[in-house]
Number of protein chains: 2
Amino acid sequence: MEENTVLIGSKPVMNYVLAVVTQFNDNDHVILRARGRAISRAVDTAEIVRNSFVQDAEVADIHISTEEVENYNGEKTNVSIIQITLEKSI
Amino acid sequence: MEENTVLIGSKPVMNYVLAVVTQFNDNDHVILRARGRAISRAVDTAEIVRNSFVQDAEVADIHISTEEVENYNGEKTNVSIIQITLEKSI
């Protein structure tokens, strides 16, 4: 995991907004990564950062993929992943 | 709204998979559009279509944006939008 990656989970969205804005102090691009139902929160985070906090940040890339995970019954199931790269124009 | 657009809402994901696969019978690209919490379902739909039903389909573009909506109290609130374009290589 790179240093400039923020993993989006189930906490309130502003926690992740703060994490991304903090990463932008040291990096010109930040990667937001989320799985399953947290995907919509990742999109919210990117939009809030871009519209309200780091206005010169742009969406450089969005990548979606699938990962196989084991649930608590030991069954294999697929989960979707999103990876949003935000980039600050210098 | 273009004919080849599938709006993703809160129904089971396979409903939308079927809608996208059907659209691919007449179109070489299909647009999946979702708001708010349905965004993760749009990503699931795209991944299931691509991995299991239309194997020559690729993600041509993913666009995220924000829309202002009025909730039932008449208050304005922002909602995130995703638009995923799947394209079949001919």
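Above: the structure in question.
One structure accompanies this document, and this report is about it. (Residues numbered from 1 in each chain as written. Chains lettered and ligands numbered in written order. Predicted model: local features only at pLDDT ≥ 70, side-chain atom pairs only at ≥ 80, totals over all residues. Heavy atoms only, no water.)

**Some remarks on the side chain of N4 of chain B**
Line of reasoning, step 1. On the secondary structure map, N4 of chain B appears in the segment before strand 1 (5–8).
Line of reasoning, step 2. At 2.9 Å, the side chain of N4 of chain B forms a polar contact with the backbone oxygen of H29 of chain B. (Helix = DSSP H or I, 4+ residues; strand = E, 2+ residues; numbered from the N terminus. Polar contact = N/O pair within 3.5 Å; in protein donor to acceptor, adjacent residues only side chain to side chain.)

**Description of the sheet that holds strand 4 (residues 76–88) of chain A**
Residue and element names in this part refer to chain A.
Line of reasoning, step 1. Spatial ordering of the open sheet is given by 1-2-4-3, a layout of 4 strands whose pairing is mixed. At either end of the open sheet lies a strand with only one pairing partner, and these are strand 1 (5–8) and strand 3 (57–70). Here the average twist between neighbouring strands, direction ignored, is 20°.
Line of reasoning, step 2. In the packing of helix 1 (residues 13–23) onto the sheet, contacts are made with strand 1, strand 2 (29–35) and strand 4, and the angle to strand 1 comes to roughly 175°. (Pairing = 2+ DSSP bridges. Axes fitted to C-alpha atoms, helices over the stretch in contact; angles between N-to-C directions. Contact = heavy atoms within 4.5 Å.)

**Points about the relation of the copies chain A and chain B**
Line of reasoning, step 1. Aligned on chain B, chain A shows an RMSD of 0.0 Å; the corresponding rotation is 180° and the shift along the axis is 0.0 Å. In symmetry terms, the pair is related by a two-fold rotation axis. When each C-alpha of chain A is compared by its distance to the rotation axis, S40 of chain A comes out closest, at 2.7 Å.
Line of reasoning, step 2. A shared interface surface links the copies, since 100% of the contact residues of chain A are contact residues in chain B too. (Least-squares fit on C-alpha atoms with pLDDT ≥ 70 in both.)

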